[in-house]
Amino acid sequence: MSGGRTRLGRPAGAAAPEAASRLDEATARYVEAELDAVLQGYEDLLPAEDLAWMRERLRESVDDDPSLAELASAARPRSVDRSTELPTQAPKPSVKKAERGGRR
Amino acid sequence: MSTTAIAPHIDDEPTELDAPEREPPYVADPPPPPPKDPAEERALVAQALPLVAQMARRVQRELGGRGDVDELESVGRSALVDAVRAHDPARAPLLGFVALRLRWAMLDAVRRDSHVRGRAARASAMGALLRVAEGDPIERPSPESSEASLQRRFRQALDARAAALVVGLAAASEPPPEELDPEQAALRLSARRAIAEAVATLPERQRALVERHYFGDERFDDIARSLGVSKSWASRLHAQAMRALAERLRELA
């Protein structure tokens, strides 16, 4: 059961859940992070199998409940969106690089 | 140095979310709907019948794929007519209402009758989760709410639901389910003890609801009746108890 999953039941290497049809990708990522935080409190209390099962049920409960899904979407930190954006222009050189360049 | 006072954002002020929770305002149960015409009832039952198989598959999946789906369908068929009779078209759409009632009936049957205790514990936990969703309706986010307050509300909603699952799983673990290995069984038992201790600190009515339903295996409706409160209000008290338990368990962790 726990093969390929973290101790908190998150599919290893997966940012977003497999079945979160009501949620957009950024909200799904936020929900996963919140589930990590909530389930962490029970890590010493329950077996890994229970934690993985709880994660699935909680994720489904967000997906099934339009009000809760809407709250998740509204609560999602807007800055998270930037992590998925491609840079539109070349990054500015760092100060140290610019200084090194200036000394040459 | 600037002397401009910065007014605190309204969401930085203490809110009712931060204050110790008082009991929610009393909510009476809605009156039963008027009886339906037999022909209308038959037509509604026929319309809702496909939900029995759908819900049976869903509940089986929720319980980890264990058990016999035919047994769940049988429970669903028995519960279908009552669900249609209890439906009030003025309050909810038929199919959503019936689906929820069927899910409840199936989870309740597994919780009471399953010979596999791990499956019974999961059914108890799912029942607790559904009850929190019922007693803790989520208000639509207001455009004026700050990100921080929305995040706090979302975390509280998840916390209450997680606590409900933990209470359901752990309370039904005495004796530990035979399919668990000794280490897992020991964890469940220590969780049960931790939760029992946390439950003992709840206000009287919340404690009575949680102890008698999850640890004493009494029906929720019967406990509400014996406490002299409506089932709707008992559901709200239950949700409040789960929010409080989430906090207590976090302190313990």
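For the structure, see preceding data.
Please read all numbers here as calculations on a predicted model, not as lab measurements.

Q: Sorry if this is basic, but what is going on with unusual backbone geometry here?
A: Note: most residues except glycine have negative phi, and most peptide bonds are trans. A positive phi angle, close to 60°, is found at D217(B), a residue other than glycine. Look at D217(B) and you get partly exposed, because its relative accessible area is 42%.

Q: How do you make sense of the interface of chain B and chain A when you look at a structure like this?
A: You'll often see interface size given as the accessible area lost when the parts meet. Counting from both sides, the interface comprises 36 residues of chain B and, opposite them, 33 residues of chain A. Summed over both sides, the interface of chain B with chain A buries roughly 3200 Å², with 66% coming from carbon and sulfur. Three residues, I138(B), F154(B) and L158(B), lead the burial of chain B against chain A; their summed loss comes to 20% of the area buried on that side. Here chain B is connected to chain A by five salt bridges.

Q: Before we go on, may I ask you to explain the pattern of salt bridges in this structure?
A: Should their charged atoms come close, side chains of opposite charge can pair. All names here are of chain B. On inspection of all chains with the given rule, the structure shows 27 salt bridges over all chains. For D159, the salt bridge identified is with R250, shortest N-O distance 2.8 Å. You can see D159 sitting in helix α6 (residues 147–171) and its partner R250 sitting in helix α10 (residues 231–252), a full 91 residues away along the chain. Judged by its relative accessible area of 8%, D159 is buried. Taken together, the shared-partner salt bridges connect D108, R111, R112, D217 and R219 into one network.

Q: Can you help me understand a negative patch on the surface in this one?
A: On the surface, D68(B), D70(B), E71(B) and D113(B) cluster together into a negatively charged patch. Turning to its location among the elements, D113(B) is positioned in helix α4 (residues 94–113).

Q: Even after reading the chapter, I still don't get the nonpolar core, so can you show me in this structure?
A: One recurring pattern in soluble globular proteins: nonpolar side chains tend to sit buried together. The biggest cluster of nonpolar side chains holds 79 residues, and the ones touching the most others in it are Y42(A), M54(A), V98(B), L102(B), F154(B), V210(B) and M242(B). Once residues lying within four places of it in the same chain are set aside, the contact partners of F154(B) are Y30(A), V31(A), E34(A), V62(A), L68(A), L71(A), A72(A) and A75(A). Of all hydrophobic cores here, the second largest spans eight residues; its members include F220(B), A224(B), W233(B) and L237(B).

Q: I tried to follow the side chain of R161(B) on my own but got confused; where do I start?
A: With respect to the secondary-structure elements, R161(B) resides in helix α6. R161(B) has contacts with L58(A), S61(A), D65(A), L68(A), L129(B), V132(B), A133(B), D136(B) and I138(B), leaving out every residue within four places of it along the chain.

Q: Where do I start with the side chain of R131(B) in this structure?
A: Note on placement: R131(B) falls in helix α5 (residues 117–135). On the basis of relative accessible area, R131(B) is assigned to the buried category, the value being 6%.

Q: Mind showing me how you'd approach the packing of aromatic side chains here?
A: When we look at a pair of aromatic rings, we describe it by the centre distance and by the angle of the planes. All told, the structure shown has one aromatic pair over all chains when counted by the stated rule. Pairing Y30(A) with F154(B) gives two aromatic rings, centres 5.6 Å apart and planes at 35°, and the pair type is tilted. Of the two residues, Y30(A) is situated in helix α1 (residues 25–40) and F154(B) in helix α6; the pairing between them involves two chains. Judged by relative accessible area, which is 7%, Y30(A) ranks as buried. Taking relative accessible area as the criterion, F154(B) reaches 0% and is therefore assigned buried. A cation over an aromatic ring shows up here: R131(B) above the ring of F220(B), its NZ or CZ 3.7 Å from the ring centre.

Reading the values: the criteria
- Residues numbered from 1 in each chain as written.
- Chains lettered and ligands numbered in written order.
- Predicted model: local features only at pLDDT ≥ 70, side-chain atom pairs only at ≥ 80, totals over all residues.
- Heavy atoms only, no water.
- Buried < 20%, exposed > 50% of the residue type's maximum accessible area, 1.4 Å probe, protein only.
- Contact = heavy atoms within 4.5 Å.
- Buried area = accessible area lost by both parts, 1.4 Å probe.
- Salt bridge = Lys/Arg side-chain N within 4 Å of Asp/Glu carboxyl O.
- Helix = DSSP H or I, 4+ residues; strand = E, 2+ residues; numbered from the N terminus.
- Patch = residues over 30% accessible without salt bridge, like charges linked within 9 Å, V, L, I, M, F, W, Y side chains within 5 Å.
- Areas by Shrake-Rupley, 256 points an atom, 1.4 Å probe, with all protein chains shown as cover.
- Lys, Arg positive; Asp, Glu negative; His and termini not counted.
- Charge placed at Lys NZ, Arg CZ, Asp CG, Glu CD.
- Core = buried A, V, L, I, M, F, W, Y, C linked by side-chain atoms within 4.5 Å.
- Phe/Tyr/Trp six-rings, centres within 6.5 Å; stacked < 30°, edge-to-face > 60°.
- Lys NZ or Arg CZ within 6 Å of the ring centre and 35° of its normal.

Purely geometric stuff here, so don't read any function into it on its own.
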